[in-house]
Protein chains: 2
Amino acid sequence: MRAEAMVSELGAISAEPDRLVRLFLTPEHRRAADRVADWMCKAGLAVSEDALGTVRGRLEGQGKRRLLIGSHIDSVIDAGKYDGVFGVIAGILAAEHCRDKRLPFGIDVLAFGDEEGSRFPVTLSSSSACAGVFKPEMLAQEDRNGVTLADAIKAYGKSPADVPAAAYRLDQAAAYVEVHIEQGPVLEARNLPLGVVTAINGQTYLNAEFLGEAGHAGTVPMRLRRDALAGAAEAILLGETLARESNGAAVATVGRVAVAPGAANVIPGNAVAVFDIRSGDEPARATLVEALKSGLRAIAARRHLGLTVTSTREVATTPCDPHIQDQFADAIRALGTEPLRFGSGAGHDGQAMAKLCPIGMLFVRCRGGISHNPMEYASPRDLGLAVAALIGFIERFEPGRLSG
Amino acid sequence: MRAEAMVSELGAISAEPDRLVRLFLTPEHRRAADRVADWMCKAGLAVSEDALGTVRGRLEGQGKRRLLIGSHIDSVIDAGKYDGVFGVIAGILAAEHCRDKRLPFGIDVLAFGDEEGSRFPVTLSSSSACAGVFKPEMLAQEDRNGVTLADAIKAYGKSPADVPAAAYRLDQAAAYVEVHIEQGPVLEARNLPLGVVTAINGQTYLNAEFLGEAGHAGTVPMRLRRDALAGAAEAILLGETLARESNGAAVATVGRVAVAPGAANVIPGNAVAVFDIRSGDEPARATLVEALKSGLRAIAARRHLGLTVTSTREVATTPCDPHIQDQFADAIRALGTEPLRFGSGAGHDGQAMAKLCPIGMLFVRCRGGISHNPMEYASPRDLGLAVAALIGFIERFEPGRLSG
């Protein structure tokens, strides 16, 4: 399979020899972007690159409006090779297939460089620029080495002054669609290769910082302790319980805990747990967040701990356009397989692109639901079906019938 | 108060300008040792230094047997100035006071350099050498920069080959006593300046490593998760509950948690909690450790997590000699204050010295029970009482009546 070989070729471009690490605006990004540009060129697309390094492959159509097909080529640390990359490759292969079809709209294949947020504290900066919602204050964000996004753009040979020019005009962009591995176990559990995304779930990040009193682990009696980590441990279990009780409407995760001073023989004086709460059901997410906040306060009060709760991310659910969903579903059915519709628990560039135009997404089954992990895998057959479904979608696409 | 001024003088010797950091066999250790040697000299003691940098100030007596009085001059990172240092100063001041008394035993004041274990993975190496229980394999231990203890000894101008010569002969050492701030809240709660230590509590370190399955925080349904951190959170609360239920017989602390991969949007695949369990009551500690281990297994089984439990430290309770306890108590009573007897939750050089001879300890009240912290404080009046009690002890000390 051609898609599989291309996925592997890009998967070999990494900052480290033993694992896949490809961060935004790094030499690895440059190498991956050059490879993508080369593929686009050979597919007959006119290649350009904007101020954030997004590679664009353009196929002219009969009208002025364009169908945008994109995904990202950056990675998490120790990543799998399909995440993002396959969506770009699917776009190139589909556009190549449509080269001689004289479609009633143009196609732009977009390879974004900042979806994972692995380098800077903010993310979706490249798709935000295309959507015209890039915030200039993002330029001041620093990576772990203190390099600002503005400096990274310059080091990549671009100019922050050109960011506004990356934005599409509203009358240009008909829709944005993306093919992506599911990164979850739903399609595999239903034994289906492809799914239609109904929405990208909303997300809340809550930082819960408990303040207790550090003390010697051997000398302070249990009843005199104010152990910040014990409070955080209760909070972690509360988040899990609340999400379980939502019966599938929401998920809650604590993936990171910071404990200070952090020595085995010192009672923790400070503990921070970061809650990642997601749901495609806005009231369900709000209910869970409120219940969690009030539970955190109760834990802190009972344990005589200080508590600071900060919401560091608040992203509303992004619905996918119903007409695009239907067209994807028709294209999947035409391949002889059932189009399962469900929400995306993961975030995607579509969240930014939805500020510009209607969006839609096609999911591809991945083994074990595993992603952000070198074990990530999608079968060549499923990849082929996804490219075929994207082509079928393009053939059915009617910009005039969109709700946006 | 002279002791207070000396404590402050030594407290100013640090590797960092804004906080107290004085690690074993560093230039700061050298400077502190030189200051201590100078004080010993002026107190009329004959000064020497062994292969591990322990400074010894010798006062000859009428017999061959010696009372060893010691503590340590190394510190934790961001330390208080009393911990260890005051015990050395109390020994010097008491020995100076006894200079012309022609005691029936000699006195050696010992300033150890490795009690905190802040530099190397092992600790008590300097008191172990004095006690003749130094294990040669300790020499291969490395600090954070990969410097072995053997190399650090050489860089300090000493020779690892001279370590055995640091050991006291069994017939030389009559007893080892140490004055130390309590590092806990017991004396303050009872409004008493001084306490007699009954034993140095035994300690178990348990590393509990939970193995789950990392996954995307947005896409894996709650019921399909195997979240290692959620298991560790339950374990932390179990340790706390078991220690509370011991009704003061034992304490249990988790001061450090390691989570992997450790990203806010990834379900933890691995979580390690380190339990520090202490008790002066050996059966109580064993009971708690067993209950914790069996509870950890139950948590892992219920959550379908892997579990590895490793005991990384197992130190038996070190009893203080009853006769030394009585002599300290008599000396405290003679100062007009009640001698409260209780166990030491913190570890001390006496744990190593007990392998050589009977030991005893005198505790001094410290504010808020706070230690290992720049807020550490003991009043000049209490320091003075402690020196007076040590002198009173020396005057009462009868090597022939010891149980050891």
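Residues numbered from 1 in each chain as written. Chains lettered and ligands numbered in written order. Predicted model: local features only at pLDDT ≥ 70, side-chain atom pairs only at ≥ 80, totals over all residues. Heavy atoms only, no water.

## Thoughts on the interface of chain B and chain A
- Each partner contributes residues to the interface: chain B has 47 residues there, and chain A has 47 residues.
- At the boundary of chain B with chain A, total buried surface from both sides reaches about 4000 Å², with 63% on carbon and sulfur atoms.
- By the criterion of area lost to chain A, the three top residues of chain B are His216(B), Met222(B) and Ala264(B), representing 16% of everything that side buries.
- Here chain B is connected to chain A by two salt bridges. (Contact = heavy atoms within 4.5 Å. Buried area = accessible area lost by both parts, 1.4 Å probe. Salt bridge = Lys/Arg side-chain N within 4 Å of Asp/Glu carboxyl O.)

## A few points about the relation of the copies chain B and chain A
- The transform that puts chain B on chain A rotates by 180 degrees and translates by 0.3 Å along the axis, for an RMSD of 0.3 Å. Seen this way, the second copy is the image of the first under a two-fold rotation axis. Proximity to the rotation axis, assessed at the C-alpha, singles out Ala233(B) in chain B; its C-alpha lies 2.2 Å from the axis.
- A shared interface surface links the copies, since 98% of the contact residues of chain B are contact residues in chain A too. (Least-squares fit on C-alpha atoms with pLDDT ≥ 70 in both.)

## Things to note about the sheet that holds strand S14 (residues 306-315) of chain B
Residue and element names in this part refer to chain B.
- Read from one edge to the other, the open sheet built from four strands follows the order S11-S13-S9-S14, with strand pairing classed as antiparallel. Where the open sheet ends on each side, the last strands, each with one partner, are strand S11 (251-260) and S14. On average, adjacent strands in this sheet sit at an angle of 15 degrees to one another, irrespective of strand direction.
- With 10 bridges connecting them, strand S9 (residues 202-211) and strand S13 (residues 270-279) associate as antiparallel partners. Bridging across to S13, Gly 202 finds its partner in Ser 279.
- Lying on the sheet, helix H8 (residues 282-302) is in contact with S9, S13 and S14; it crosses S9 at an angle near 5 degrees. (Pairing = 2+ DSSP bridges. Helix = DSSP H or I, 4+ residues; strand = E, 2+ residues; numbered from the N terminus. Axes fitted to C-alpha atoms, helices over the stretch in contact; angles between N-to-C directions.)

## What to know about empty space enclosed by the protein
- The final tally for this structure, using the stated rule, is one cavity of 30 Å³ or more.
- Taken as a whole, the largest cavity spans an internal volume of roughly 70 Å³.
- Around the largest cavity, the lining residues are Ile236(A), Gly239(A), Glu240(A), Ala252(A), Thr253(A), Val254(A), Phe275(A), Met222(B), Arg225(B), Asp227(B) and Ala230(B).
- For the lining of the largest cavity, the class distribution of residues is six nonpolar, two polar and three charged. (1 Å grid on protein atoms, 1.4 Å probe; cavity = no way out; pocket = protein on both sides within 12 Å on 5 of 7 lines; lining within 4 Å. Points joined across faces, edges and corners; volume = space filled by probe spheres on them. Nonpolar A, V, L, I, M, F, W, Y, C, P; charged D, E, K, R; others polar.)

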